[in-house]
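Here is what each chain is made of, one letter per residue.
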Amino acid sequence: MATFSLYVSNLIPHPRSSSASSNPNSPANLNSINAKIGRRRSSRRTSGFAVLSAHSNPRIVKSNRRSRYGQVLSPYDTEDNAENEDGDWFFDIMSIQAEDSETEESDADRKKFKSQKGNDTIQGNRRQLGEDQSMRSVKSEGSFKFSKRDLDVKTGKNAIGSSYHTFNKSEDYDSLEMDGRGKLKARKSTKNKYCRLSEEIDLDEKWFPLLDYLSTFGLKESHFIQMYERHMPSLHINASSAQERLEYLSSIGVKHRDIKRIILRQPQILEYTVENNLKSHVAFLLDLGIPESRIGHVIAAAPSLFSYSVENSLKPTVRYLIEEVGIMKNDLGKVVQLSPQILVQRIDISWNARYSFLSRELGAPRDSIVKMVTKHPQLLHYSIEDGLLPRINFLRSIGMRNSDILKVLKNLTQVLSLSLEDNLKPKYMYLVNELRNEVQSLTKYPMYLSLSLDQRIRPRHRFLVSLKKAPKGPFPLSSFVPTDECFCQQWAGTSLDSYLAFRQRLLLKDFAKKYEKQR
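Analysis parameters
- Residues numbered from 1 in each chain as written.
- Predicted model: local features only at pLDDT ≥ 70, side-chain atom pairs only at ≥ 80, totals over all residues.
- Heavy atoms only, no water.
- Helix = DSSP H or I, 4+ residues; strand = E, 2+ residues; numbered from the N terminus.
- Contact = heavy atoms within 4.5 Å.
- Areas by Shrake-Rupley, 256 points an atom, 1.4 Å probe, with all protein chains shown as cover.
- pLDDT = per-residue confidence, 0-100.
- Core = buried A, V, L, I, M, F, W, Y, C linked by side-chain atoms within 4.5 Å.
- Buried < 20%, exposed > 50% of the residue type's maximum accessible area, 1.4 Å probe, protein only.
- Disulfide = S-S within 2.5 Å.
- Axes fitted to C-alpha atoms, helices over the stretch in contact; angles between N-to-C directions.
- Nonpolar A, V, L, I, M, F, W, Y, C, P; charged D, E, K, R; others polar.
- Lys, Arg positive; Asp, Glu negative; His and termini not counted.
- Salt bridge = Lys/Arg side-chain N within 4 Å of Asp/Glu carboxyl O.
- Patch = residues over 30% accessible without salt bridge, like charges linked within 9 Å, V, L, I, M, F, W, Y side chains within 5 Å.
- Charge placed at Lys NZ, Arg CZ, Asp CG, Glu CD.

1. Describing the overall build of the protein chain
- Scanning the protein chain from N- to C-terminus turns up 25 helices and 5 strands.
- When contacts within the protein chain are restricted to residue pairs at least 6 apart in sequence, those whose partners lie at least 24 apart make up 66%.
- As displayed, the protein chain offers around 29900 Å² of accessible surface, 49% of which is attributable to carbon and sulfur atoms.

Below, the structure written as structure tokens:
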């Protein structure tokens, strides 16, 4: 039968001194340690098998023996097996020294402790680990964190080495935390929170308070991933700081439902301090003549303005609008309310391009273009090739001259924002075929193009026809201008309820026809 020996040197000294163990490297001490290690390993391997001889027949033992890493092992002891057990050997030695130091513990108590069931309480584990001096010997800077699953008090196994950096996302249980002084404390686990988020990004538990707070605004894990991809440092903000900033936005009129959209569009806003950034930008908006009641609307529409310097960017843009474009200072507040984005775009490029286009295409004078921008500043955002030119060409195709188009645009610039297929073309066809009007009537009543065909134009026309009060010849477009109540009094001579009931029946009928066509 083959004989195997184990020689250990440079072991951790025993904290207590005695005549028998004053020298930790003495033969007696080494033999004692070797014997204890042997007993421990033999007890751990009872669930597997033991090689009794170097000449044992491997066919009579388990052929599927595997290491804890899943590798198939030889039925014979090898140097590789010894290397695989280095971690256990190290903790064996520490446990042996700890046992030697506990002279007051009787053999009976020790046997009772080893046979203790796996349902020991966390407090019992904490007390036992607190008494384990071997842990104090290996503690380093920082702290060890491990869960109840990682400690097997019953068998004495310790899996700290393999689970120290493990982040289990599927289990939710309390865990134990060892601080730098070797003391344990209970720590509530949050491993089961934000599972999807932890799979997508490198999630830090320090972010959890911020994520919990932002969740109150309706943000979900998919939104946090979007924030991470757009501006990852925004998730590093302290939760209390983020709360202070968002509460300030709420106090100046930003609605709760808009905060979610603001954070997704501009997550950097969580980094902007109240005193040094938010308040100065709000003061700038108030100086433009924007009412306090509209500040929240402006911020929700263009949250990125907080990322621009007031002195170096926003104020120069305002000066350009006044001095170069020609917008009156008293109109600035109205212009910004209509299009807050005008403050954060390259206004010089957008203005020069559209001014040159309208001057060349329609022969529009500068003051007419300035009037158009003042009434509808969104004009500076519209694409020339895909927005302005196709609509101008449509108005030309129905018989309008450049002067007629210019007159329509000066009175109703938002015509340039209407859909050709869903809006302009259907209204024109109804104007000519049902109302029997000429296209020139649009120069007098350009508002007709901005009204809803289904909600206003068709119901009022059909209602007067049903009452036999529709005038002969071209239907007057002026009947579409007043409110529903004024229309009933001035044109129909009926109650408002009668008209609303008629309109509802007409809408249901039209809806049924569209549904039948789609089938």
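Still more to cover.
2. Some remarks on the confidence of the model for the protein chain
- Confidence along the protein chain averages 75 in pLDDT terms, with 63% of residues attaining 70 or more.
- Confidence scores differ between elements of the protein chain, with helix α7 (residues 160–163) showing the lowest mean pLDDT of 36 and helix α23 (residues 453–466) the highest of 96.
- In the predicted structure, residues 40–65 sits below a pLDDT of 50 and forms 34 contacts with residues beyond four places in sequence or in another chain.
- In the model, residues 73–189 has pLDDT below 50 throughout and makes 160 contacts with residues more than four positions away in sequence or in other chains.

3. Digging into the nonpolar core
- In this structure, Leu285 and Tyr448 are the most contacted members of the largest nonpolar core, which totals 110 residues.
- Sorting elements by how many residues they give to this core places helix α15 (residues 310–325) first, with 6 residues.

4. Focus on the state of the cysteines
- Applying the stated rule across the entire model yields 0 disulfides.
- Of the cysteine sulfurs around cysteine 486, a residue in no disulfide, the closest is that of cysteine 488, at 9.4 Å.
- Owing to a relative accessible area of 29%, cysteine 486 belongs among the partly exposed residues under this scheme.
- When its relative accessible area of 1% is taken as the criterion, cysteine 488 is described as buried.

5. Observations regarding the packing of helix α10 (residues 221–231) against helix α12 (residues 256–265)
- With their axes 9 Å apart at the nearest point, α10 and α12 run at an angle of 35 degrees to one another. Of the residues in α12, those in contact with His223, Gln226, Met227 and Arg230 of α10 are Lys260, Ile263, Leu264 and Arg265.
- Here the contact of α10 with α12 is composed, by residue class, of 3 nonpolar, 2 polar and 3 charged.

6. Here's the deal with the side chain of arginine 354
- Looking at the element boundaries, arginine 354 is found in helix α17 (residues 347–362).
- For the buried arginine 354, no salt bridge is present, and the opposite-charge side chain at shortest range is aspartate 348, 9.8 Å distant.
- Setting aside anything within four residues of it in sequence, one finds arginine 354 in contact with Leu379, Leu380, His381, Tyr382, Ser383, Ile384 and Leu388.

7. Some remarks on a positive patch on the surface
- Together, Arg462, Lys509, Lys513 and Lys517 make up a positively charged patch on the protein surface.
- In terms of residues, the positive patch owes the most to one element, helix α25 (residues 496–518), which gives 3 residues.
- Assignment of secondary structure puts lysine 509 in helix α25.

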